[in-house]
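Structural characterization, general
Each chain is listed here by its residues.
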Amino acid sequence: MEIDVKANKEEFIELLRSTEREGVDDVIEELEALGFFTAPASCSQHLNTEGGLVEHSLNVCKVGLMLRKQMNELEPGLENEVPEDRVKIACLLHDVCKSDIYFRTVKKRKTSIGTWEDCEGYKISYKNFPMGHGEKSVIMLMGMGLAMYDDEMLAIRWHMGAWDLPMQSSEACKNIDVARKQYPLCTLVQCADTLAAGIMERKGETLDDL
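Residues numbered from 1 in each chain as written. Predicted model: local features only at pLDDT ≥ 70, side-chain atom pairs only at ≥ 80, totals over all residues. Heavy atoms only, no water.

**Topic: the pairing of strand β2 (residues 116-124)**
Cut-off, in case you're wondering: Two strands make a pair as long as DSSP finds a minimum of two bridges between them. Only DSSP runs of H or I covering at least 4 residues are called helices, and only runs of E covering at least 2 are called strands; the numbering of each starts at the N terminus.
Note that strand β1 (residues 102-110) and β2 share nine bridges and pair antiparallel. The partner of Y102 across the bridge, within β2, is I124. The turn joining β1 and β2, which pair antiparallel and follow one another in sequence, is formed by five residues; a positive phi near 90 degrees is taken by G114.

Okay, here's the thing in structure tokens:
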């Protein structure tokens, strides 16, 4: 799919600034320096192309805001428990950990007739800051000076759900369980991330390989 990197960057920045959160401009400057706005969302899966990471972040944000609106109709009072600005912060910034892990390379891919050809792609390296996934995003954002609420930090930390339980430790399982029960934003962001990557960002060739 063709991604409009410039338009997505402008939309991302506008949404982020609309939160009027302290430290947002510093975050934008840091993300620019890290290459966030041109990074792919993955190495070989969803949106593995230039600008894919911002496209994915916007998709998660749009789904998250939609879920919040619909859940408010089903669960009155949730609007105050999950403010709109917190949905935007957590959804837009949940994957900043990916800003510095992808590097361009030449890869091999199989053609429709079964031969192999060279193609441009990405390789992955965690050497810059091997701190994990969700927790890395939280630490990076705090280091950038972003003022964050507890539910935002926990929603970002646990947005991968059960896919990010280190070695299936009992302590991690208990922490994510408590976080999800205590803060609805955790469940909302996890659902939005899953729906964006699993439905909105599917590729035809991926389905053909099933």
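Next, the rest of the story.
**Considering the packing of aromatic side chains**
To keep things clear, this is the line we draw: For Phe, Tyr and Trp, where Trp contributes only its six-membered ring, two rings pair if their centres lie within 6.5 Å, and the inter-plane angle classes them as stacked under 30 degrees, edge-to-face over 60, or tilted in between. Buried means the residue's accessible area, taken with a 1.4 Å probe over protein chains only, is under 20% of the maximum for its type, while exposed means over 50%, and partly exposed covers the values in between.
Taken as a whole and assessed by the stated rule, the structure comprises three aromatic pairs. Centre to centre, the rings of F12 and F36 are 5.2 Å apart; their planes meet at 50 degrees, and the pair counts as tilted. Placement of the pair is F12 in helix α1 (residues 5-17) and F36 in the loop between α2 (24-34) and α3 (52-74), with a sequence separation of 24 residues. As far as burial versus exposure is concerned, F12 and F36 are alike and both buried. When the centroid spacing of 5.4 Å and the interplanar angle of 85 degrees are considered together, the rings of F36 and F37 count as edge-to-face.

**Structural notes on unusual backbone geometry**
Despite not being glycine, E20 has its phi angle at roughly 55 degrees, a positive value. With respect to the secondary-structure elements, E20 resides in the loop between α1 and α2. Owing to a relative accessible area of 72%, E20 belongs among the exposed residues under this scheme.

**Observations concerning a nonpolar patch on the surface**
Cut-off, in case you're wondering: Patch membership requires more than 30% relative accessible area and the absence of a salt bridge. Residues of like charge join within 9 Å; the nonpolar side chains Val, Leu, Ile, Met, Phe, Trp and Tyr join within 5 Å. Note on areas: these come from Shrake-Rupley sampling with a 1.4 Å probe, and a residue is covered only by the protein chains present in the view. Only one rule defines a salt bridge in this text: a Lys or Arg side-chain nitrogen within 4 Å of an Asp or Glu carboxyl oxygen.
Taken together, the side chains of L195, I199 and M200 present a nonpolar region at the surface, about 270 Å² in accessible area. Take I199: it is sitting in helix α9 (residues 184-200).

**A look at the environment of Q70**
Inspection of the secondary structure assignment puts Q70 in helix α3. Judged by relative accessible area, Q70 falls into the partly exposed class, the value being 38%. As for Q70 and S57, which are separated by 13 residues in sequence, their C-alpha atoms are 20 Å apart.

**Comments concerning the pattern of salt bridges**
Counting across every chain of the model gives 14 salt bridges. Between K136 and D100 there is a salt bridge; the shortest N-O distance is 2.8 Å. Of this pair, K136 sits in helix α6 (residues 134-143) while D100 is found in the loop between α5 (84-93) and β1, placing the two residues 36 residues apart along the sequence. Comparing K136 with D100, the two get one shared label, buried. In this structure, D177 and K181 form a salt bridge, with 3.1 Å as the shortest nitrogen-oxygen distance. Residue D177 and its partner K181 are both found in helix α8 (residues 170-182); the two are separated by four residues, about one turn of the helix. A relative accessible area of 36% places D177 in the partly exposed class.

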